[in-house]
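Architecture and fold: a report
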Amino acid sequence: MRSACLALLSVFVFGLNCGLVLGQKTGRVEGRVVAAETGAPLADATVGVETAAQPRGTTTDAEGRFVIDGLSSGTAVLQVRHVGYVATTRTVQVQAGQTTRLTVELVSATVELAGLEITGATRSARAAIPGAASKVGAAALEQMDPIGTQAALKHVPGVYGLADDGMTQTRMSVGIRGLQPRRTQRVLVMEDGMPIQPAPYVFSPLYYNPPIERIEEIEVIKGSATIRHGPQTMAGVINYVTSRPQRRTPGGTLELTPGTNGYVSAFGELGGFGTEDVRPQVQLLVKRGDGFRQNNDFRQVNGTAKVQANLGDSRSLYLKLNADYERLNATYTGLTPYSFRTDPDFNPKDDDLYRIYRASLGTIYNRRYSDQVQGTTRLYANVFHRPWWREKDVFVKAKAYQDPNVDAEPVPPNTPGPLMRVGISDALERNLTLDDKPYFGNVRTFYVTGVEHSLDIQHSLFGLEADLELGGRLHWERFKDNRKISDEVGVREGVFYQGDVSDPGPVSIIGGSSVYETRALSLYALEDMQWGPLRLSPGFRLEVFEQSRINRLKGSQYRDQTSVVPLPGLGFNWNLGTADLGATLGESNARLFGGIHRGYTPPSTATFAIVGFDPPSATGGTSGGFDLKAEKSWNSELGVRGRSAAGQFQITGFYLYVEDLVGGRTSFQQNLGVVESYGLEARTRVKGGTFAGPLPTLDVSYTYLQSAVVQGIITSAIDGTPEDISGNELPAAPTHTATVGLSKTFSEIGLTLSTDLSYTGRFYTDLENLEQTNNRGERGPVPAHTVLDAGATYEYSDALSVQLTAKNVTDNVYIGSRLHSNPSQPSANLSTGIIPGPRRQINLSIQYDF
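Parameters and conventions
- Residues numbered from 1 in each chain as written.
- Predicted model: local features only at pLDDT ≥ 70, side-chain atom pairs only at ≥ 80, totals over all residues.
- Heavy atoms only, no water.
- Helix = DSSP H or I, 4+ residues; strand = E, 2+ residues; numbered from the N terminus.
- Buried < 20%, exposed > 50% of the residue type's maximum accessible area, 1.4 Å probe, protein only.
- Contact = heavy atoms within 4.5 Å.
- Areas by Shrake-Rupley, 256 points an atom, 1.4 Å probe, with all protein chains shown as cover.
- Salt bridge = Lys/Arg side-chain N within 4 Å of Asp/Glu carboxyl O.
- Pairing = 2+ DSSP bridges.
- Axes fitted to C-alpha atoms, helices over the stretch in contact; angles between N-to-C directions.
- Core = buried A, V, L, I, M, F, W, Y, C linked by side-chain atoms within 4.5 Å.
- Polar contact = N/O pair within 3.5 Å; in protein donor to acceptor, adjacent residues only side chain to side chain.
- Patch = residues over 30% accessible without salt bridge, like charges linked within 9 Å, V, L, I, M, F, W, Y side chains within 5 Å.
- Lys, Arg positive; Asp, Glu negative; His and termini not counted.
- Charge placed at Lys NZ, Arg CZ, Asp CG, Glu CD.
- Phe/Tyr/Trp six-rings, centres within 6.5 Å; stacked < 30°, edge-to-face > 60°.
- pLDDT = per-residue confidence, 0-100.

Quick look at the overall build of the protein
For the protein, the count of helices and strands is seven helices and 44 strands. Residues counted as buried form 53% of the 850 residues belonging to the protein. At a minimum sequence separation of 6, the contacts of the protein that also span at least 24 residues come to 67%. When the accessible area of the protein is evaluated, it comes to approximately 34400 Å², of which 56% is carbon and sulfur surface.

Have a look at this one:
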């Protein structure tokens, strides 16, 4: 009886299914969208279907999957798009009552600096960007597992960093194509397309850098497309791309990373607790470390709240709030040759303290006005408070300092024999006074806000397909710079005056207090015109800004200056076509690209005054930097890029002609005449597995650089006389830099192994190109050095992974830079001497997704 019932039930179910199938006239399409280079799933990709009926669309989930139901049978065209990837079209056959399955691979665009795209109405990324550009993708960042963003840029040709004090690379020092890297002053640095430097116009040194744990991708652009952004257009643009809220169900990520040198990082992310149209996300990072030298520890707490809201079919809003607190025992105290040789970890300055309090707001609003027109509006604001207290440095004789029975008294910089650089409280037994200026604080506060709107308009021009981008920005910034002096080391409450201000007699100004402000209007237009295989990209940017300074300790003296700066550019991209390279290599594509544009760095009044460039004005007194000219350049390049199934490559030749260059700590108190920088950049990736399964993937980046002062005269650091430095190399511009990486993934066991070898060639540290160092360490070249990194990642499951990384595996002790030194300023308190490179660091990272 039981078996008969089951048989009847089976017949009933079979008949019901047949009836449903015969009655159905629609089918479904489901699939997965992944990155072509890595196979990683792409969340939030837009999948639209065009059929004879009403168009349909959806977006992919966190695993890159999508499902579209209710499609009429017949041919359907899928259009798949994702920010930073080249849009693709797939044709599928929909059959009634059946599911069509497929996997769509999207090829990474060279770079994409636009804002968040509108869900369901995105425009394809610009794969044919007219200029050299690179992207460090999410997979590459995960494989490297760097401690800071500066280390993450080692695979980008033309970009090089200098070692600085500290473990977190908060004060990143990166240069591009031969331009001085100190504090990344000549590079525009952004997060999600919005500037993050303390005050981009008036004080651009990068004293804040977002933690690498929040960064999903890093984009670097160096060609004519930089005029889309500003105000710095001379060296290039670095854009940090952070993750967007993607989860549709509650979940998150936990990552714990302990390591050597007291390093611990704990990062958490939670999302998916909103609705389909409103998706929030929160992130929290807590980390600490002891650093690579004595008295070099840091603490950091960083929190972020985000919301992605879809406001209908044609509008979206992205909101991000971030707060950052950092406490670092950061110093300018470098090493003398004696200290570097005997104890490279030496740092006696336990009272040097650098703190960061920063809060920021960023919003991106997108609207599609029509199929041909879409707009993006960005609003940004941040407050950045940065008190940095440091003890005055002095020189002492090494033998006296290391002898417990001898008092190590300060000695003049020209004292012969082995010297050590120490804090003044370590060398003087008597009570310190304000005349000694033993402890000083640079207490700086920055306020920045701006709004930018751009339109992207697809149209026809003389019968040609064209894409016009128009944009404008209003920007305001204020910088309060206070320098206070304390007579007691460790007491962080100083004074501006010496004497009694209530006394009618004179008082001595020993500190400083100034307020700088900028009000700026920026306009730009970029046109992309497609003429067969050729894509021309003319552009123009106009910067109009007023800078002012009030010296509050000198009768509130007020100075201002208005600048109007036109910045033209022209780029091209020629599609050389595709070729079938056979079953192994598949189809290849190559493009020739190039361009020329006007580079510019604003006349930063605050920077000039703070680093000592405050020459006498025509009326006496000081000008606050207004008598110095802005730096200008003509940047040109020509290159070729291509890709196939076996990998990709990009080779670029470049030439920079720079007028009125201004130095940093390598200082000269006037604009130089002309300098030039030229060379070759190359980057390639070869997927060895394409040729033979066991072979690894090879990544190579290389830069050949030549730089020279065409005309310039400075005061010699040797004898104080004028010296013609024409023909000399620029400081911190190594002729050769290279990184070679090997990686191999064993998918069957979930294991990835990788190793990188980075080489930085010898470079000068001053404009005189001094060859000999001295017993103080502030002069002389930096020798070439090589650093080996290695890592292993084990994917235990889809939710749990473990990663082991080793930086500087051999614990190579090398001179990283003389970053804050000037051979014309031998005083221990004005030049830091030798900054050692980062030492060996081993981290174990455990990540769990839930």
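On we go from here.
So, the pattern of salt bridges
Within this structure, the stated rule accounts for 36 salt bridges. One salt bridge in this structure joins Arg177 and Glu637, with 2.9 Å as the shortest N-O distance. Placement of Arg177 in the loop between β10 (174-176) and β11 (187-191) and of Glu637 in strand β32 (residues 631-644) is noted, with a sequence separation of 460 residues between them. In this structure, Arg177 and Glu637 share a single accessibility class: buried. The salt bridge partner of Arg473 is Glu543, with a shortest N-O separation of 4.0 Å. You can see Arg473 sitting in strand β25 (residues 464-486) and its partner Glu543 sitting in strand β29 (residues 534-551), a full 70 residues away along the chain.

Quick word on the sheet that holds strand β4 (residues 65-72)
Taken together, the three strands give an open sheet; going across it, the order is β4-β1-β7, and neighbouring strands pair in mixed fashion. Strand pairing shows two members of the sheet lacking a second neighbour, β4 and β7 (99-106), which therefore form its edges. Neighbour-to-neighbour, the strand axes of the sheet open up by a mean angle of 25°, direction not taken into account. Relative to β4, strand β1 (residues 26-35) runs antiparallel, the two sharing six bridges.

Some words on the sheet that holds β11
The strand order across the open sheet formed by five strands is β8-β13-β14-β11-β12, and the pairing between neighbours is mixed. This sheet does not close on itself; its edge strands, each paired only once, are β8 (133-136) and β12 (194-195).

Regarding the environment of Pro413
The residue Pro413 is located in the loop between α5 (398-402) and β23 (419-423) in this model. Taking the relative accessible area as the measure of exposure, Pro413 reaches 26% and is therefore partly exposed. Residues Pro413 and Arg776 lie 363 residues apart in sequence; the distance between their C-alpha atoms is 7.4 Å. What Pro413 contacts, discounting residues up to four positions off in sequence, is Phe395, Leu419, Arg776, Pro826 and Ser827.

Description of the nonpolar core
Ranked by size, the top nonpolar core spans 35 residues in total, and within it Leu141, Leu153, Ile218, Val220, Ile238 and Tyr240 carry the most contacts. Mapped onto this core, the elements with two or more residues apiece are α2 (138-144), β10, β11, β13 (215-221), β14 (236-242), β33 (647-659) and β35 (697-711). Filtering out sequence-adjacent residues up to four positions away, Ile238 remains in contact with Leu153, Met172, Val174, Val187, Leu188, Val189, Met190, Ile218, Glu219 and Val220. Counting residues in each nonpolar core, the second largest holds 26 residues, with Phe340, Phe346, Ala398 and Ile834 among its members.

Structural notes on the environment of Gly259
Mapped onto the fold, Gly259 is located in the loop between β15 (251-258) and β16 (264-271). A residue is classified by how much of its surface remains accessible, and Gly259, at 27% relative accessible area, is partly exposed. Distance in space between the C-alpha atoms of Gly259 and Ser845 is 8.5 Å, their sequence separation being 586 residues. Those residues within four positions of Gly259 in sequence are excluded, and the remaining contacts are Gln841, Ile842 and Asn843.

Re the side chain of Asn573
When you line up the elements, Asn573 lands in strand β30 (residues 557-580). Judged by relative accessible area, Asn573 falls into the buried class, the value being 1%. Only 3.4 Å separates the side chain of Asn573 from the side chain of Arg591, close enough to count as a polar contact.

Topic: a negative patch on the surface
Side chains of Glu63, Glu142, Glu795 and Asp798 sit close together on the surface and give a patch of like negative charge. For Glu63, a relative accessible area of 43% puts it in the partly exposed group.

A closer look at the packing of aromatic side chains
Applying the stated criterion to the full structure yields 18 aromatic pairs. Taking the centre distance of 5.1 Å and the plane angle of 85° together, the rings of Tyr332 and Trp388 count as edge-to-face. One end of the pair, Tyr332, is in the loop between β19 (315-328) and α4 (337-342); the other, Trp388, is in strand β21 (residues 373-391), with 56 residues separating them in the sequence. Trp388 shares its class with Tyr332; the two are buried. Residues Phe346 and Tyr401 carry aromatic rings whose centres are separated by 6.1 Å and whose planes lie at 80° to one another, so their mutual orientation is edge-to-face.

Re a nonpolar patch on the surface
Residues Val686, Phe691, Leu695, Leu698, Val740, Leu742 and Leu757 make up a contiguous nonpolar surface patch of about 540 Å² in total accessible area. Its location among the elements puts Val740 in strand β38 (residues 736-746).

Observations concerning the side chain of Ser701
Here Ser701 lies in strand β35. Residue class for Ser701 comes out buried when judged on its relative accessible area of 4%. Contact partners of Ser701, with chain neighbours within four places excluded, come to Lys154, His155, Pro157, Ala682, Arg683, Thr737, Ala738 and Thr739.

With respect to the pairing of β38
Here eight bridges tie β35 to β38, and the two strands are oriented antiparallel to one another. Paired with Thr703 across the strands is Thr737, a residue of β38. Here β38 pairs with strand β39 (residues 751-760) via ten bridges, running antiparallel. What sits directly across from Val740, in β39, is Leu757. Turn length for the β38-β39 hairpin, with the two strands adjacent in sequence and antiparallel, is four residues, and the turn residue Gly750 shows positive phi of about 70°.

Some details on the confidence of the model for the protein
Low pLDDT means the predicted coordinates in that region are not meant to be read closely. Per-chain confidence: the protein averages 85 in pLDDT, with 87% of residues scoring 70 or above. Taken together, the stretch residues 110-127 has pLDDT below 50 and engages in 81 contacts with residues farther than four places along the chain or on a different chain. A low-confidence stretch, residues 664-669 (pLDDT under 50), is modelled with 26 contacts involving residues beyond four sequence positions or located in other chains.

Looking at the pairing of strand β41 (residues 800-807)
Pairing of strand β40 (residues 785-795) with β41 involves six bridges; the strand directions are antiparallel. Its bridge partner being in β41, Thr793 is matched across the sheet by Gln803. Where β40 folds back on β41, the antiparallel hairpin that results is connected by four residues. Taken together, the eight bridges between β41 and strand β44 (residues 841-849) define a ladder with antiparallel strand orientation. If you follow Gln803 over to β44, its bridge partner there is Ser845.

Topic: unusual backbone geometry
Residue Pro231 follows Gly230 across a cis peptide bond; omega there is 10°. Looking at where Pro231 falls in the secondary structure, it is placed in the loop between β13 and β14. The backbone phi angle of Asn769 is positive, close to 55°, even though this residue is not glycine. Along the chain, the position of Asn769 falls in the loop between β39 and β40. One non-glycine residue with positive phi stands out, namely Asp811, at about 55°. With respect to the secondary-structure elements, Asp811 resides in the loop between β41 and β42 (815-817).

Some words on the environment of Arg248
As for its placement among the helices and strands, Arg248 is situated in the loop between β14 and β15. The partly exposed category is assigned to Arg248, whose relative accessible area is 28%. For the pair Arg248 and Val278, spaced 30 residues apart in sequence, the C-alpha separation works out to 9.5 Å. Not counting chain neighbours up to four residues away, the residues in contact with Arg248 comprise Asp44, Thr59, Thr60, Asp61, Gly272, Glu276 and Arg279.

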